[in-house]
Amino acid sequence: MGLQINSVYKKYDNKQVLSGINVSVEDGTFLALLGPSGCGKTTLLQTIAGLTPIDGGQILIDNQVVSQAGYELPTEKRNIGMVFQDFALWPHMTVYENVAFGLKLRGVKGAEARQRVQETLGIFHMESYITRFPHELSGGQKQRVAMARAIAPKPRLILMDEPLSSLDAGLRDEMRSELARIFKQLGMTVVYVTHDQLEALSMADQIAVMRTGQCEQYGTPEQVYHEPVSDYVAKFMGPATIVRVNAEYGWFVRPDDIQLQRVDSADSPASSESDYQTAVGIVALRSYQGNRYRYFVNVPEYQTPIEVNYPAKLQPGERVRLLFPTVKCRPIRLINEAGSTPDSSVSV
Amino acid sequence: MFKSKKWSKAQLQRLLFIWPSILVLLGLVVYPLGSILLQSLFPKLFEAGFGQFSLQSYSNIFKVNYTYKAILDALLFGGGSAVITSIIGTLLAIVVHRKWSYGSRWVTLMVWLVFFTPSYLIAEGWVLLMQHNGILTKFLMLPNGTLDWFFTPGGLIMAMSLRLFPVVYLSVLAGLGGLGSDFEEAARTAGAGSLVTWVRINIPLLAPSILAGATLTFAEAVSDFGFASAIVPKAHIPLLTYSIFTALNQMPVNYPQVGALSVVLIGIIAVSLWIQKWILGRGSYSIIQNQIRPHRVRSGPGIGWTLTVNILLIAAYLLPMIGVVVTSLLKQSGTDITWANLTFAHYAKALKIGGQSFQALQRSFGLAVGTASVSTALGIGLAFVITRVRGFSTNLLYVLTMSTIAIPGIVLAAGFVFAWNAPYLVPWHLNLYGTLFCVYLAYLAGSLPHSIRLQMAALGQISPSLLSAGQVHGANLFVVFRKIILPLVAATTISTFYLTFSHAMFEMPASELLYPPDQPPMPVVIVKFYNNLQNENGAALTVLTILVVAACYGFGQLLLYGLRQIRHSLAIKGISKLVQVDPNSTTSPLIGQAQMD
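Residues numbered from 1 in each chain as written. Chains lettered and ligands numbered in written order. Predicted model: local features only at pLDDT ≥ 70, side-chain atom pairs only at ≥ 80, totals over all residues. Heavy atoms only, no water.

## Looking at the overall build of chain A
- Of regular secondary structure, chain A possesses eight helices and 20 strands.
- Overall size of chain A, expressed as C-alpha extent along the three principal axes, is 80 × 45 × 35 Å.
- Looking at chain A as a whole, 55% of its 348 residues qualify as buried.
- If you take every contact in chain A between residues at least 6 apart in sequence, the share linking residues at least 24 apart comes to 65%.
- Accessible surface for chain A amounts to roughly 14,200 Å². Of this, 48% is attributable to carbon and sulfur atoms. (Helix = DSSP H or I, 4+ residues; strand = E, 2+ residues; numbered from the N terminus. Buried < 20%, exposed > 50% of the residue type's maximum accessible area, 1.4 Å probe, protein only. Contact = heavy atoms within 4.5 Å. Areas by Shrake-Rupley, 256 points an atom, 1.4 Å probe, with all protein chains shown as cover.)

## Quick notes on the overall build of chain B
- Broken down by element type, chain B carries 26 helices and zero strands.
- Of the contacts made within chain B by residues no fewer than 6 positions apart, 76% connect residues no fewer than 24 positions apart.
- For chain B, the exposed area adds up to about 27,500 Å²; of that, 68% sits on carbon and sulfur atoms.

## Side note on the pairing of strand E5 (residues 64-68) of chain A
All names here are of chain A.
- Note: strand E4 (residues 56-61) against E5, four bridges, orientation antiparallel. Across the sheet, Leu60 pairs through a bridge with Val65, a residue of E5.
- What sits between the antiparallel neighbours E4 and E5 is a turn of two residues, in which Asp62 has the positive phi angle 50°.
- With two bridges joining them, E5 and strand E6 (residues 71-72) adopt antiparallel strand pairing. Within the sheet, the bridge partner assigned to Ser67 lies in E6 and is Glu72.
- The turn joining E5 and E6, which pair antiparallel and follow one another in sequence, is formed by two residues; a positive phi near 85° is taken by Gly70. (Pairing = 2+ DSSP bridges.)

## Re the sheet that holds strand E15 (residues 276-288) of chain A
All names here are of chain A.
- One open sheet holds the five strands; their spatial order is E14-E18-E15-E16-E17, and the pairing between them is antiparallel. Of all strands in the sheet, those bounded by a partner on one side alone are strand E14 (259-262) and strand E17 (306-310). Taken over all neighbouring pairs, the strand axes of this sheet differ in orientation by 45° on average, direction set aside.
- Of the strand pairs in this sheet, E14 and strand E18 (residues 319-325) are connected by four bridges, and their pairing is antiparallel. Residue pairing across strands places Gln259 opposite Leu323, the latter belonging to E18. (Axes fitted to C-alpha atoms, helices over the stretch in contact; angles between N-to-C directions.)

## Here we look at the packing of aromatic side chains
- One pass over the full model with this rule turns up 27 aromatic pairs over all chains.
- Aromatic side chains Tyr498 of chain B and Tyr553 of chain B sit 4.6 Å apart centroid to centroid with 50° between the ring planes, which places their arrangement in the tilted category. Of this pair, Tyr498 of chain B sits in helix H22 (residues 477-505) while Tyr553 of chain B sits in helix H25 (residues 535-576), and the two are 55 residues apart along the sequence.
- Overall, the relative accessible area of 42% leaves Tyr553 of chain B in the partly exposed class.
- Cluster of aromatic residues (ring-pair linked, three or more members): Trp126, Trp149, Phe150 and Phe151 of chain B.
- Residue placement shows Arg149 of chain A over the ring face of Trp90 of chain A; its charged tip is 4.2 Å from the ring centre. (Phe/Tyr/Trp six-rings, centres within 6.5 Å; stacked < 30°, edge-to-face > 60°. Lys NZ or Arg CZ within 6 Å of the ring centre and 35° of its normal.)

## Observations regarding unusual backbone geometry
Residue and element names in this part refer to chain A.
- Although it is not a glycine, Asp13 adopts a positive phi angle of roughly 50°.
- Along the chain, the position of Asp13 falls in the loop between strand E1 (3-12) and strand E2 (15-25).
- Its identity as a non-glycine residue notwithstanding, Lys154 has a phi of 50°, on the positive side.
- By the element assignment, Lys154 lies in the loop between helix H4 (139-151) and strand E8 (157-161).

## Overview of the domain arrangement of chain A
Residue and element names in this part refer to chain A.
- For chain A, the assigned domains read domain 1 (3-226) and domain 2 (239-346).
- One C-alpha centre belongs to domain 1, the other to domain 2; they are set 39 Å apart.
- The interface of domain 1 with domain 2 comprises five residues on the first partner and six residues on the second.
- Summing the contributions of domain 1 and of domain 2, the shared interface buries around 530 Å²; its carbon and sulfur component is 38%.
- Of all residues in domain 1, Arg211, Tyr225 and His226 bury the most surface against domain 2, accounting for 78% of the area lost on that side.
- Between domain 1 and domain 2 we count one salt bridge in total.
- Measuring nitrogen to oxygen at the nearest pair gives 3.2 Å for the salt bridge that ties Glu216 to Arg333. (Domains from an automatic or database assignment. Buried area = accessible area lost by both parts, 1.4 Å probe. Salt bridge = Lys/Arg side-chain N within 4 Å of Asp/Glu carboxyl O.)

## Comments concerning a nonpolar patch on the surface
- The grouping of Trp106, Leu109, Leu113, Ile314, Leu318 and Ile322 of chain B at the surface amounts to a nonpolar patch, some 490 Å² of accessible area in total.
- Since its relative accessible area comes to 49%, Leu109 of chain B is described here as partly exposed. (Patch = residues over 30% accessible without salt bridge, like charges linked within 9 Å, V, L, I, M, F, W, Y side chains within 5 Å.)

## Looking at the environment of Tyr192 of chain A
All names here are of chain A.
- In this structure, Tyr192 sits in strand E9 (residues 190-194).
- The buried category is assigned to Tyr192, whose relative accessible area is 0%.
- A C-alpha to C-alpha distance of 25 Å links Tyr192 and Pro91, two positions 101 residues apart in sequence.
- Not counting residues up to four positions away in its chain, the partners in contact with Tyr192 are Phe30, Leu31, Ala32, Leu33, Met160, Pro163, Leu164, Glu199 and Met203.

## Quick notes on the confidence of the model for chain B
All names here are of chain B.
- When pLDDT is averaged across chain B, the result is 83; 89% of the residues are at 70 or more.
- Per-residue pLDDT, averaged within each element of chain B, yields its smallest value for helix H26 (residues 589-596) (36) and its largest for helix H4 (residues 65-97) (92).
- The model gives residues 1-5 a pLDDT under 50, and that stretch makes 13 contacts with residues more than four places away or in other chains.
- Note on residues 283-292: pLDDT under 50 across the span, and 17 contacts to partners over four residues away in sequence or across chains. (pLDDT = per-residue confidence, 0-100.)

## Concerning the state of the cysteines
- Taken as a whole and assessed by the stated rule, the structure comprises zero disulfides over all chains.
- Of all cysteine sulfurs in the structure, the one in Cys39 of chain A sits closest to Cys215 of chain A, which takes part in no disulfide; the separation is 10 Å. (Disulfide = S-S within 2.5 Å.)

## Brief notes about the sheet that holds E5 of chain A
Residues and elements named next belong to chain A.
- Strand order across the open sheet formed by five strands is E2-E1-E4-E5-E6, with antiparallel pairing between neighbours. Sheet topology places E2 and E6 at the edges, where each strand pairs with a single neighbour.
- Direction of pairing for E1 relative to E4: antiparallel, over a ladder of five bridges. Its bridge partner being in E4, Ile5 is matched across the sheet by Ile59.

## Things to note about the confidence of the model for chain A
- Looking at chain A as a whole, its pLDDT mean stands at 86, while 93% of the residues score no less than 70.
- Considering only residues more than four positions removed or in separate chains, one finds that residues 338-348 of chain A, a stretch of pLDDT under 50, has 30 contacts.

## Concerning the packing of helix H17 (residues 356-388) of chain B against helix H18 (residues 392-404) of chain B
Residue and element names in this part refer to chain B.
- At a minimum axis distance of 9 Å, the contact between H17 and H18 shows a crossing angle of 125°. As judged from the angle between their axes, H17 and H18 are oblique. Considering the relative orientation of H17 and H18, their crossing is left-handed. Where H17 abuts H18, its residues Leu382, Val385 and Ile386 lie against Thr394, Leu397, Tyr398 and Thr401.
- Looking at the contact of H17 with H18 residue by residue, the class counts come to five nonpolar, two polar and no charged. (Parallel < 35°, antiparallel > 145°, perpendicular 65-115°, else oblique. Left-handed = near helix turned anticlockwise from the far one by under 90°. Nonpolar A, V, L, I, M, F, W, Y, C, P; charged D, E, K, R; others polar.)

## Overview of empty space enclosed by the protein
All names here are of chain B.
- In total, this model carries four cavities of 30 Å³ or more according to the counting rule given.
- Taken together, Met130, Gln131, His132, Thr137, Leu142, Pro143, Asn144, Gly145, Thr146, Leu147 and Asp148 form the lining of the second largest cavity.
- Taken together, the residues of the lining of the second largest cavity sort by class into four nonpolar, six polar and one charged. (1 Å grid on protein atoms, 1.4 Å probe; cavity = no way out; pocket = protein on both sides within 12 Å on 5 of 7 lines; lining within 4 Å. Points joined across faces, edges and corners; volume = space filled by probe spheres on them.)

## A closer look at the side chain of Ser328 of chain B
Residues and elements named next belong to chain B.
- In this structure, Ser328 sits in helix H15 (residues 303-329).
- Residue Ser328 is classed as buried on the basis of its relative accessible area, which comes to 0%.
- With sequence-adjacent residues up to four places away left out, Ser328 is seen in contact with Thr343, His346, Tyr347, Glu536, Ala539, Ala540 and Val543.

## Some points on helix H8 (residues 153-177) of chain B
Residues and elements named next belong to chain B.
- With 25 residues, H8 ought to run about 36 Å at 1.5 Å a step, and its terminal C-alpha atoms sit 35 Å apart, in line with that.
- Of all bends in H8, the biggest is about 45°, found at Arg163, and the proline Pro166 comes one to four residues later.
- For H8, the tally of buried residues reaches 18 of 25 residues, placing the bulk of the element in the interior. (Expected span 1.5 Å × (residues − 1). Bend = angle between axes of the 7 residues up to and from the residue.)

Here it is in structure tokens:
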């Protein structure tokens, strides 16, 4: 077992930051901790690193208890690697010295250390920058060195704290796929903190969606996207229409899954009426997305507009029919969390 | 931070390092200050213990004309200096920041020189310049008495302001850095002219910086002993710091009066620093700190401003220094300034091996190196502990450091007289008063809080993730300290060492109050020369000491440069054995390192 987090609690002053979180991953898993700021994901990462002590529960790495109430295995003895949000490359050391730092402390010296540094930098195509200082590197290059530094000693666990957030958008996309490929090749266990659901969906094997110090849902990217357990997860993973059934439950559907038909057109209703729920509404708002249009449709039965995508241009005020495929409409728990995307939620 | 079952590292750290340090600070700073306070409340403390409580000494200092006037004068001097430095400092900061004058590097250099030159050197320079038969009278062939205005409160306030304006300058410069040009441009678009913009927009926005600098100036002026000791004997104006000195030199010593005066002095400074903190803490200051876009330079530098700035700098620094240097070269002070009257004889005398001056120089050098070494080493360790380890003991350490940082040197020195001369110390042979070791401890007490604070500021600049990164990659706290923190704060640590060293070379109040009669440190000898009307000998020794300090600085820089070169050529050799150096690299690592430093 790679990493086990068993009902971990952490309190800062009077604020409960982690309240009984449970996550375990197998060796070689890329785990994304996903959630908005303040949900406790960075604190959780810090407790795994041993930079923050925990109040209750247990953390195990390779079946060894590294944290529990009153006991913390010192960070430097946990045999982990970490990539920081601001890279944290030591400015007084060259690229070589930065990467060799952890190796030397683990007793790897001389020719072997040099070779390992070379190899690791080679993975990130940074071997020719070996004599440079961090301030002579661009943001993306620093990022690669930080990654190389973390994996050079071949730790049993790699921790990453929003490592791509300080890069610009284009570079971020590029690094996303490159990193996913590299870590898959190396077969390392990775815990990756992010607030960007696209990053989590595209890179991770498993995603833990966090909310107020707890794991709201744990599963594969497909599971958390298509089968969210609550409106919180549904809205966090992407645009969603949520229809309330009662105070606690409702159902949800992604805008892409809703079919739109012009009422006055000759489009025939769907093949089998039983596969769909239908509703008729009026186009309220239109916004151009490049490859399609996004519409908000007012349906009299629902209080707020329904978000739907459609390739053709419709005029506001046009009457349209919406078809909700029954298999895509899933029941979910309602949390009524404030601060999510309210424009796409609908109450009946 | 790390807990384990028996003795955790944190507990061991506390036991072996933090608590002993707290004890050292308690003994060096709190105990002397405490005995001052108690002495002022229990006049017979050392004879009768805590039996006799009385506020008599406080009512006395306000009844006796001399001490009462000394307190009023201190407030007047502080207030006057605060007003004048506000004007000079703000104006200079604006001129420099907006690049209205040529040679901003020169201005920066001169301002720092004024800032770091001990005040009694500058004060003595003014005295040598302005007194009867002084340098200025002789040089301009003025009749004696023409410059007597200098030895009035007005003249003193002027001289003190020229010494202290860098405090306001630096504060306002920081404020201007955050001001940006948005507010100003908004005013211009609303139809305001240049003058209106400054008076109605910029100056009010800068007010917190100006006021914060002014209150610091006030505190500095009130607690200054250098000016007092150089000028009071000539001008006969009572001053608070000097009255503490005279009360200690009376026979018999009026201990309760010293205590009461010291407490009043600390009180005045505490109030002014509290006001400064309050000003800086107000919300309005953060408005201008959030501005990122820098000011756009519209008009280039002009001759008029350049002249004004240079006249100010010459008056503030070069003039008094010329006074000292010329005096040191005269065969006898008071004679006409002609080539025939110039000589290096006083330098030769001062450098005579085994002579009084030479021995004093040696003694002060030893004391200063000792003070700087211990204070810097202890300072970096304690600063690290305070910033990294949380807990009661580190909080206590922090509070002790911060609350003792503003204690005037004369008060601390007076405290040492009380504390290490007490009768109950005799059985333990702890009567350190009158030994060179006591002088050393006083130097240490005065410099340690500054050393801690300077290095705390440097440590605060290091992103915590750099340290976490070290730990995560296998370094324990000791390795993190040695491999990451120390190299990153090395520049500050070296400056701290040098500042402490030069400060100790010129340390005045503790030297004057605590020196053993047969082993005077350098500042005492200089003052003796001046008081015995051997101005030229005093001046020569002053210049020599400055040269020694400057030479040490130069030597230190050279040494560092050499070490850095060696370290890098070794590092590069090591790496390039294995790989070819990146051909696209535009800067060599050596240049890169130099830029970083």
